[in-house]
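Letter by letter, the chains look like this.
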Amino acid sequence: MNIRTFLEQRVRNAMSACGLAGNPGLQPAARPEFGDYQVNGIMGVAKQARRNPRELAGEVIAALDLDGIAEPPELAGPGFINLRLTPAFLAEHLATPLAVTPAGNPQHVVVDYSAPNLAKEMHVGHLRSTIIGDAVVRVLSTLGHTVTRQNHVGDWGTQFGMLLTHMQEAGASSAELADLEAFYVQAKQRFDSDAEFAMRSRANVVALQSGEVRARAAWQRFIDISLSHCQAVYDRLGVLLTAADVQPESAYNDDLPEVIRDLATAGLLTQSDGAQCVFLDEFKGKDGNVLPLIVQKSDGGYLYATTDLAAIRYRARTLRADRVLYFTDARQALHFRQVFAVARAAGFAPPDLQLEHLPFGAMLGRDGKPFKTRAGGVVKLTELLDEATQRARAIVNAKSAELPEEERARIAHAVGIGAVKYADLSKNRTNDYLFDWDQMLSFDGNTAPYLQYACTRIRSIFRRVDADFPAVDMAPAHAAERQLAMQLLRYQEVVETVAAEGLPHFLCVYLYDLATRFSQFYEQCPVLNAEADDRARRLGLCARTLATLEGGLGLLGIEVPERM
RNA sequence: GCGCCCAUAGCUCAAUUGGAUAGAGCACCAGGCUUCGAACCUGGGGGUUCGGGGUUCGAGUCCCUGUGGGCGCGCCA
């Protein structure tokens, strides 16, 4: 249950009973003295109604029906209303098993994420889209939305000409294609230095596009190998993407001429310097120039804007999506603004289709510059994950040498991969972020290992419980219990916020706060040695905390080891 | 030239989208294991939220402006 929206509705009812309309502005309390939730909106409403805010807040309080739910509301400051939930209410909701309540308006959501270029190997630039997109997919699914994952991989374009030529002439064996990055570099080098090779490469592009059988077969082979590289990375990362989610650029090839025709029919097309462009007034600058969106090159070729328009058309018409989310880096913000606007204007996207670009910043090294190898090259994702598990392994070996070898390996995987994912997820998506091994693998602070550790402590308690513990009154009897309980009950509202905003760091902050409160509770409240009722109630809190931490980490795609 | 984004403690990040006294971790200082995992917990110092105006009962958050940084903008994706 979303307690926040529940309380908000009660306040809204009270406001309308007083003849007021407006946002109650209900939020979790900023400080413990302010109770559990605070109402901020009365002051704004009072301003509108030209009334005294404190007086008005008093009237709302009088009309507020929270019997059995909250203590008598408190009027504070210039017109805040502070709400404190009753022990009985807390007890009632702690006693029900943890479950995320489905959304009242389930949608069909298409999530476009990861989207590597198959010409090259996956590198750190694909990490954020893959991890963040996957977490949001899990959150949406848990809330009962129908989610279609779409991995819009780049499998088409002129660079495949040189790759095919190089494959046909130099290295067609799987061994040589094992290192796609090196293969690409070799092909590019030949393309740049050998005019004959470049010519054959361009011929290959034409052959490919015209559907010539041998070129298509070679291309398909290359794509298959490249996709298997991607899948290996996805499997190690533990993201949900599979071959079934691949919806490559080439899938839209046949639609591209239709897209152009539709744009022409809608009267949106303008020829400019030989290229077909769409000019929309909303992209007019102060200097009077209008930014074009080029949809067809002067040589007749199509561009990624064309493909993205075709994809929107497909998602609206064939998939009948209600909402489409794009997880790509922030540099593409203008591109998507333009594509969305053109899709609306052309009728590809009906007015009620939500199109959202959810951008993210760059991944920087400790020096604050783009994350690169020492030599200045791109960091392959497989190498990054190797290092993550190696570093985690070293820590596990040092701290838990007594555990069996095979278990330490599993722990190192969970901790290493979890640390990398959590480091990314826990920061506000929209900003650049610093990639720092020592920080993400630390057991202090807002990190995956800290949360995983909290889980193993709770599990350790349950390993010592021999019998089932009886159901008892869950009303908190200690300040630390109450702090923990209140946080537990906020899970639903946080999950819903992540779904609405596409910002998983809200969930991370929540889980870290929960784990911190648990640690405080654990310090202050003995569980196993407590008197019977205390023991049962505290075990109940432990069970609920473990379920919430595991559930939350699960939504982030992070595993929790039994011991560590 | 036009446009977008960013600037919060020494460092890395929050601040629920305009709410009450800007919070965490690291680092620094001082404490806590004969009781459930000390990979933990408790306390302390540390801030002109880049500068300057403005709107508002209330601004880190909105508007204007200056500085510094990043990025995008006709035939790559």
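Residues numbered from 1 in each chain as written. Chains lettered and ligands numbered in written order. Predicted model: local features only at pLDDT ≥ 70, side-chain atom pairs only at ≥ 80, totals over all residues. Heavy atoms only, no water.

Participant: An account of the protein's contact with RNA strand B is requested, with residue identities and associated values reported.
Facilitator: Neighbouring residues of RNA strand B: 64 residues in total, closest R31, K47, D273, S400 and F443. Of what RNA strand B places within 4 Å of the protein, 60% of the atoms are sugar or phosphate. The contact in question runs from a sugar or linking oxygen of RNA strand B to an N or O atom on the side chain of Y512, over 3.2 Å. Of all the elements in the fold, those that place two or more residues in the surface near RNA strand B are β1 (26-28), α2 (42-49), β4 (80-83), β9 (290-296), β13 (433-434), α16 (448-463) and α19 (505-524). When residues of the surface near RNA strand B are assigned to their parent elements, the largest contribution, eight residues, is made by α19. (Near = heavy atom within 4 Å. Polar contact = N/O pair within 3.5 Å; in protein donor to acceptor, adjacent residues only side chain to side chain. Helix = DSSP H or I, 4+ residues; strand = E, 2+ residues; numbered from the N terminus.)

Participant: Go over the sheet that holds strand β7 (residues 269-272), please, and point to the residues and values.
Facilitator: Within the open sheet, the three strands sit side by side as β7-β8-β9. Their pairing is antiparallel. Strands at the two margins of the open sheet, each flanked by one partner only, are β7 and β9. Each neighbouring strand pair of the sheet contributes to a mean axis angle of 50 degrees, computed without reference to strand direction. In terms of strand pairing, strand β8 (residues 275-284) meets β9 through five bridges, oriented antiparallel. From the neighbouring strand, K284 faces β9, where its bridge partner is V290. Most of the contacts of helix α12 (residues 333-346) go to β8, to which it runs at about 95 degrees, and overall it touches β8 and β9. (Pairing = 2+ DSSP bridges. Axes fitted to C-alpha atoms, helices over the stretch in contact; angles between N-to-C directions. Contact = heavy atoms within 4.5 Å.)

Participant: Outline the sheet that holds β1, listing residues and values.
Facilitator: The strand order β1-β2-β4-β3 describes an open sheet built from four strands, whose pairing is antiparallel. Two strands lie at the open edges of the sheet, namely β1 and β3 (74-76), each paired on one side alone. This sheet shows a mean twist of 30 degrees between the axes of neighbouring strands, independent of strand direction. Pairing of strand β2 (residues 37-39) with β4 involves three bridges; the strand directions are antiparallel. The residue of β4 that forms the bridge with V39 is I81.

Participant: So, the packing of aromatic side chains: which residues are in play, and what are the values?
Facilitator: Following the criterion strictly, the structure yields 15 aromatic pairs and no others. Ring geometry for Y252 and Y314: centres 5.8 Å apart, planes at 75 degrees, overall edge-to-face. Taken together, the residues span a long stretch of sequence, with Y252 in the loop between α9 (213-237) and α10 (256-265) and Y314 in helix α11 (residues 304-317) at a distance of 62 residues. Its relative accessible area of 0% is what places Y252 among the buried residues. Pairing F462 with F469 gives two aromatic rings, centres 6.1 Å apart and planes at 35 degrees, and the pair type is tilted. Among the aromatic side chains, those forming a connected cluster through ring pairs are F160, F183 and F222. (Phe/Tyr/Trp six-rings, centres within 6.5 Å; stacked < 30°, edge-to-face > 60°. Buried < 20%, exposed > 50% of the residue type's maximum accessible area, 1.4 Å probe, protein only.)

Participant: Can you lay out the packing of α16 against α19 for me, pointing to particular residues and giving the numbers?
Facilitator: Here α16 crosses α19 at 40 degrees, and the two axes come no closer than 10 Å. Comparing their axes, α19 and α16 come out oblique. α19 is crossed by α16, and the crossing has left-handed handedness. In contact with Y450, L451, A454, R457, I458 and I461 of α16, α19 contributes L511, Y512, A515, T516, F518, S519 and Y522. (Parallel < 35°, antiparallel > 145°, perpendicular 65-115°, else oblique. Left-handed = near helix turned anticlockwise from the far one by under 90°.)

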